[in-house]
Amino acid sequence: MWVYIVKRLLWLPLLLLAASFITFSLGRFGPGDPVRVMLGNRYDEQTAQRIRHELGLDRPFLAQYGDYIWNFAQGDFGESFRYRGQPVRDLVIRKMWVSAQLAIAAMVISLGVGLPLGFFIAHRQGRWEDPASVTVALVLMSVPVMVSVPALLWTFCLKLHWVPCSGWGGLFDPRILVPAITMGVPGIAGLTRLMRASTLDVLGQDFIRTAHSKGIGQMTVNSRHVFRNALIPIVTILAFSLAGLISGAFITETILGIPGIGRFAVESVFDRDYPVIMAITLIGAGAFVLANLLADVAYAFIDPRIRYQ
Amino acid sequence: MKKLVITLITLMTLAAIACGGTSQSADEEPTQTPPSASMAAPADPGATAEPEQAQTPGQPGTAATPIVALEQQPSELTEPLPTGTFRRLWSDPPTLDPHLTGDTTSAGVVVEVFSGLVALDTDLKLVPDIAESWTIEDGTVYTFKLRPDAQFHNGKPVTAEDFKWSLERAAAPETASPVADTYLNDIIGAQEYIDGKASEISGIKVIDAHTLQITTDAAKAYFLAKLTYPTAYVLDREVVEGGGRSWWIDNPIGTGPFKLSEYRIAERIVLERNEEYYREPAGVETVVMNLAGGQAMAMYENDEIEITGVGLYDLERVLDPNEPLNKEVKVSPPGFSVSYIGFNAGMAPFDDTKFRQALNHAIDKELIATEVLSELVQPAYSILPPGFPGYTNEIDGLRHDPERARQLLSESKYADPETRPRIVITVPGTGGTIGLDLEVVLEMWKQELGVEVEIQQVEWATYLEDLDEKKFQAYAGIGWEADYPDPQDFLDILFHSESSINHGDFRNAEIDAVLEEARTEPDIVRRIDLYHQAEQMIVDEAPWVPMWFTGDRYTLVKSYVEGYEMTPMIVPKLKRITIEG
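All figures in this text were calculated on a predicted structure; none of them were measured in a lab.

About the criteria used
Residues numbered from 1 in each chain as written. Chains lettered and ligands numbered in written order. Predicted model: local features only at pLDDT ≥ 70, side-chain atom pairs only at ≥ 80, totals over all residues. Heavy atoms only, no water. Contact = heavy atoms within 4.5 Å. Buried area = accessible area lost by both parts, 1.4 Å probe. Salt bridge = Lys/Arg side-chain N within 4 Å of Asp/Glu carboxyl O. Polar contact = N/O pair within 3.5 Å; in protein donor to acceptor, adjacent residues only side chain to side chain. Helix = DSSP H or I, 4+ residues; strand = E, 2+ residues; numbered from the N terminus. Nonpolar A, V, L, I, M, F, W, Y, C, P; charged D, E, K, R; others polar. Pairing = 2+ DSSP bridges. Axes fitted to C-alpha atoms, helices over the stretch in contact; angles between N-to-C directions. Buried < 20%, exposed > 50% of the residue type's maximum accessible area, 1.4 Å probe, protein only. Phe/Tyr/Trp six-rings, centres within 6.5 Å; stacked < 30°, edge-to-face > 60°. Domains from an automatic or database assignment. pLDDT = per-residue confidence, 0-100.

(A) Structural detail: the interface of chain B and chain A. Counting residues at the interface gives 49 residues for chain B, matched by 36 residues for chain A. Of the roughly 3,600 Å² buried where chain B meets chain A, counting both sides, 52% is carbon and sulfur surface. Linking chain B with chain A are seven salt bridges, by the criterion used here. With its nearest N and O atoms 3.9 Å apart, the salt bridge here joins Arg94 of chain A to Glu267 of chain B. In this structure, the connection of chain B to chain A is made through 15 residue pairs in polar contact (both at pLDDT 80 or more). Elements with a minimum of two residues in the side of chain B that touches chain A: helix 5 (180-184), helix 6 (190-194), helix 9 (247-250), strand 8 (258-264), helix 16 (460-468) and strand 17 (474-481) of chain B. It is helix 16 of chain B that provides the largest number of residues to the side of chain B that touches chain A, a total of six residues. Across the side of chain B that touches chain A, the residue classes break down as 21 nonpolar, 14 polar and 14 charged.

(B) Up close: the sheet that holds strand 8 of chain B. All names here are of chain B. Pairing is mixed across the open sheet formed by four strands, whose spatial order is 1-10-9-8. The open sheet has two free edges, formed respectively by strand 1 (85-89) and strand 8, since each of these has just one partner strand. Each strand axis lies, on average, 15° off the axis of its neighbour in the sheet, ignoring direction. Bridge count between strand 9 (residues 268-273) and strand 10 (residues 286-290): five bridges; the pairing is antiparallel. Residue pairing across strands places Leu271 opposite Val287, the latter belonging to strand 10. Relative to strand 9, helix 3 (residues 104-113) is tilted by about 20°, and along the sheet it contacts strand 8, strand 9 and strand 10.

(C) Representation of the pairing of strand 7 (residues 211-215) of chain B in the model. Residues and elements named next belong to chain B. With five of five residues buried, strand 7 is to be regarded as a mostly interior element. Here strand 7 shows two buried faces, one formed by Thr211, Gln213 and Thr215 and the other by Leu212 and Ile214. The sheet contact formed by strand 6 (residues 204-208) and strand 7 spans four bridges and is antiparallel. Within the sheet, the bridge partner assigned to Asp208 lies in strand 7 and is Thr211. The turn joining strand 6 and strand 7, which pair antiparallel and follow one another in sequence, is formed by two residues.

(D) Spatial organisation of the packing of aromatic side chains. The final tally for this structure, using the stated rule, is 34 aromatic pairs over all chains. Aromatic side chains Phe29 of chain A and Phe61 of chain A sit 4.9 Å apart centroid to centroid with 40° between the ring planes, which places their arrangement in the tilted category. You can see Phe29 of chain A sitting in helix 1 (residues 2-29) and its partner Phe61 of chain A sitting in helix 4 (residues 61-73), a full 32 residues away along the chain. The buried category is assigned to Phe61 of chain A, whose relative accessible area is 18%. With a centroid separation of 6.1 Å and 90° between ring planes, the pair formed by Phe495 of chain B and Phe506 of chain B is classed as edge-to-face. With Phe495 of chain B in helix 17 (residues 491-495) and Phe506 of chain B in the loop between helix 17 and helix 18 (509-520), this residue pair connects regions lying eleven residues apart in the sequence. The residues Phe495 of chain B and Phe506 of chain B share a single accessibility class, namely buried.

(E) Highlighting the domain arrangement of chain A. All names here are of chain A. Parsing chain A into structural domains produces domain 1 (2-87) and domain 2 (89-302). Domain 1 and domain 2 are separated by 33 Å when their C-alpha centres are compared. Taken together, the 30 residues of domain 1 in the interface contact 26 residues of domain 2. Buried area between domain 1 and domain 2, summed over both chains or domains, comes out near 2,600 Å², and the portion from carbon and sulfur atoms is 70%. In this assembly, domain 1 and domain 2 are joined by two salt bridges. Joining domain 1 to domain 2, the criterion identifies eleven residue pairs in polar contact (both at pLDDT 80 or more). For the side of domain 1 that touches domain 2, the secondary structure elements donating two or more residues are helix 1, helix 2 (34-39) and helix 4.

(F) Representation of the environment of Ile204 of chain B in the model. Residues and elements named next belong to chain B. Its place among the elements puts Ile204 in strand 6. Along the primary structure Ile204 and Glu161 are separated by 43 residues, whereas in three dimensions their C-alpha atoms are 9.9 Å apart. Setting aside residues up to four positions removed in sequence, Ile204 forms contacts with Lys164, Leu167, Ile187, Leu212, Gln213 and Ile214.

(G) Structural detail: unusual backbone geometry. All names here are of chain B. Of note, the bond from Ala348 into Pro349 is cis; its omega dihedral lies within 30 degrees of zero at 0°. On the secondary structure map, Pro349 appears in the loop between strand 13 (337-343) and helix 12 (353-361). Residue Leu124 is not a glycine yet carries a positive backbone phi of 65°. One non-glycine residue with positive phi stands out, namely Ala542, at about 55°. Positionally, Ala542 belongs in the loop between helix 19 (524-541) and strand 18 (544-549).

(H) Focus on the confidence of the model for chain A. On average, residues of chain A score 85 in pLDDT, and 95% of them are at 70 or above. Averaged pLDDT values over the elements of chain A bottom out at 74 in helix 11 (residues 232-245) of chain A and peak at 92 in helix 4 of chain A.

(I) Summary view of the pattern of salt bridges. Overall, the coordinates contain 53 salt bridges over all chains when judged by the stated rule. Salt-bridge contacts for Glu262 of chain B lead to Arg268 of chain B; the nearest nitrogen and oxygen are separated by 3.1 Å. Look at Glu262 of chain B and you get partly exposed, because its relative accessible area is 26%. Taking relative accessible area as the criterion, Arg268 of chain B reaches 31% and is therefore assigned partly exposed. Residues joined in a network through salt bridges with shared partners are Asp33, Arg36, Glu45 and Arg52 of chain A together with Asp466, Asp468, Glu469 and Lys471 of chain B.

Given below as structure tokens:
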């Protein structure tokens, strides 16, 4: 087991190196220039050259790349080109925390609705509630953000006046309602179907029949035996979602004015803020690799039948 | 303080969200009368404030103006300072290091926390700041006398040595300031220093602890105005050198009326009154700038902020006299910015003056302003915005005149649509949406002249690159905003043949000659007259279609806020605010 984990972790630097090289090259050789963006319509060749020199942008490509990787390995992500004087690490962590709170709220909605619903319709297998719930969940999942956000805003902000129309106040601010629903609802369908299948699987097991024959009440069997065992595959799925925590949601964040990492990432691309683009790409890539590993490891811990060599 | 504007609509939206007040207001009521009385003045929604309104220095009546109150020691006042919190929306500033500041979002905070030798008042007059007085010899040698009581937020006195170090730090190559050339290169030796070819700026001399001498390369009337920009602000050497590039995040020591007490990226900026300020201390204890964003109107109505701009969609409601909000509306003349459609005079068909003039005459800006943009903008027929130094309403612009337009077109080299080159106008952005106003303009050209123009949208960074390389035949969706209040900042910088930002490749030797003469003309009346001449010549040659003088036309300010003045540029002004009750 440990050997397996270490082997997987050894791949991480290689993957990051590949991802960083590709991202770095795209920035340096693609169109656009951070110094021009910095100077706006006050561009002057002499000033631009001077700033390029100070930022090290006039050096050979490989020297720039090598330096970046060397500093990155030491935990120095550099200084933002757009937010002058601001360390990239602080900026990125702050924005990721905003997106993470949003993702947590969305996950609460996905889980809060998806799990009970899946559990419930598993008990109604073959009856009308079963296909009806799944259909509704699938339809909701298919609604694009560009439609769901205006619809939710119209309802909660303009008609019901429950929340301000945009903005951000953190996890415990009512303004999180609209983005959390927008991002949480699509997750319901998947979780419902997964929970339904998993519950049906458990319901057919011998130990459930045994529990019933011992005379344990229906409620106790459901809560103690069925629900708990049905959760096992869900836990592993959640490990994957961890990576999604920090990747943010560009469209939702932009429309609703949430200062999250998704919006920040896209703005950084438009502004050619290379250090920020690099940091977000690398942290994101690293997070996905680790989350994958975590999911694999979680399987092994939860399900004794799985062993890694 | 240049800000490019992606589209007009975006500008207005942004202005509404981010910077509620970039225009002059009608709320000059210098005495501390009961709130109801001061509210009465701006309550008339239909009245458009006159650009030439008589402005008082805007200081609460009971207090002496800061310029006069030199000897007043705030710490010795027995009366407790007023309390109160002023809250507004703001955007994440790209930086709060004054020497790196090059945008209005940063400058709006920086000017409240830091300060320099001279400043602009809310009526945009040049006033002393840390320099209490100065003399000018031969138009080039400026000798500043510093206030002996000026001190940094950490209690250290400000000396002439601090200024010399700060100006050199701003200009130093390793600072990599995007604006050092713009604001400091009139000083002798500054350009050499900026380029890393000198060990000091020879034109800056410390005479004694409180006397600083700056020599410029020629008599330039706009030099003092340039020194009001944050690039020329004073910083504490120890703090900056000890803190590295992010010193201002960890230890934001300035000299201004407010201290930066909290800065949380994407959340908020909190300013606290500097009780030891060398002039009269601020009238509010705290200023909270909400960076998290949000729907400004909703927040305003919910009493979460004290000020907001009014966007196109809320306009009708706010202007309704039956609405309670209507009592809090302030109408202001436009800010110091102009949006335009630029033509590339080096490329066909815009190399023909008559063709450019024809396109100008074909547009009915009044119609667009009223019908499409709800009068949120003012049509522009000249270059300098109303109220700007050197502005005159006597410029004879190329007004709507379809007859004349057709006449000019038929006289131009490109009268024949068969041989006329394909015309493409480029706008920045990625959304696929272009300004409503531009769509109407294209339609007017088509209907009045039969001139078909295509639109191409280019992503921002690429747009800037192509703009600088003069690759566009015509370009729109951007504007020009004043850096410092001098006509040179518009006319010379945008239209002189040699200017690096003359994006339309406009060349006219006569105009160049007038602009060059104006640069160093010592007689102010004659100098302004030269700019009038130059502006008229430029307008006649039609290198642009000037479109709008933009900026927040309507602003809402809570009735309990006194002393907030709308200015068409960023100037220090939060210290003037008081909160009633």
